[in-house]
Amino acid sequence: MPSTNATAEVSAVTDGTFERDVLGAEGPVLVEFWADWCPPCRMLAPVLDQIADERAGSLAVRKVNADDNPLSTRRYGVMSLPTLLLFRDGEPLLTLVGARSRARLLSEVDAALRG
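Described below are features of the structure shown in this document. No experiment lies behind these values; they were computed from the predicted model shown.

1. Some thoughts on the environment of Pro-46
Link 1 in the chain: Along the chain, Pro-46 turns up in helix α2 (residues 39–54).
Link 2 in the chain: Classification of Pro-46 by relative accessible area gives partly exposed; the value is 49%.
Link 3 in the chain: Between the alpha carbons of Pro-46 and Pro-82 there is a distance of 13 Å; along the sequence they are 36 residues apart.

2. Focus: the environment of Gly-90
Link 1 in the chain: For Gly-90, the location among the structural elements is in the loop between β4 (83–88) and β5 (91–97).
Link 2 in the chain: Sequence spacing of Gly-90 and Trp-37 is 53 residues, and the spatial spacing of their C-alpha atoms is 29 Å.

3. Some details on the sheet that holds strand β2 (residues 29–34)
By way of backbone hydrogen bonds, the strands of a sheet pair with one another, either parallel or antiparallel.
Link 1 in the chain: Spatial ordering of the open sheet is given by β1-β3-β2-β4-β5, a layout of five strands whose pairing is mixed. Looking at the sheet topology across the chains shown, the edges are occupied by β1 (11–12) and β5.
Link 2 in the chain: In terms of strand pairing, β4 meets β5 through six bridges, oriented antiparallel. Paired with Arg-88 across the strands is Glu-91, a residue of β5.

4. A word on the environment of Arg-42
Link 1 in the chain: You can see Arg-42 is positioned in helix α2.
Link 2 in the chain: Sequence separation between Arg-42 and Ala-99 is 57 residues, and the spatial gap between their C-alpha atoms is 9.1 Å.
Link 3 in the chain: Excluding residues that lie within four positions of it along the chain, Arg-42 makes contacts with Asp-36 and Trp-37.
Link 4 in the chain: Of the polar contacts made by the side chain of Arg-42, one reaches the backbone oxygen of Asp-36; its length is 2.7 Å.

Cut-off values and rules
- Residues numbered from 1 in each chain as written.
- Predicted model: local features only at pLDDT ≥ 70, side-chain atom pairs only at ≥ 80, totals over all residues.
- Heavy atoms only, no water.
- Helix = DSSP H or I, 4+ residues; strand = E, 2+ residues; numbered from the N terminus.
- Buried < 20%, exposed > 50% of the residue type's maximum accessible area, 1.4 Å probe, protein only.
- Pairing = 2+ DSSP bridges.
- Contact = heavy atoms within 4.5 Å.
- Polar contact = N/O pair within 3.5 Å; in protein donor to acceptor, adjacent residues only side chain to side chain.

Structure (structure tokens):
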């Protein structure tokens, strides 16, 4: 449970805001490409909400509706949903495909940020 009363939000990003909200962000950003029709995406949503709260201030968590934002989806070669991309300084560091547990996701993210 977070030690502050503030909660971080998993904000939606669009083709029009991707550059500002992800590529231009300070610090690392974890982006989920998802769709309404994707059951594993629904399974991953509470995990991402929890990570956003736990890592508020050190890791931003964003989501892109792949159906509504084809430019960003194509630009990063997203072929399956959910796809998670970890960015730092505007560069993708890690690509993960499929839902996973909170512990596994954090382990993979932390390893990529250390490397």
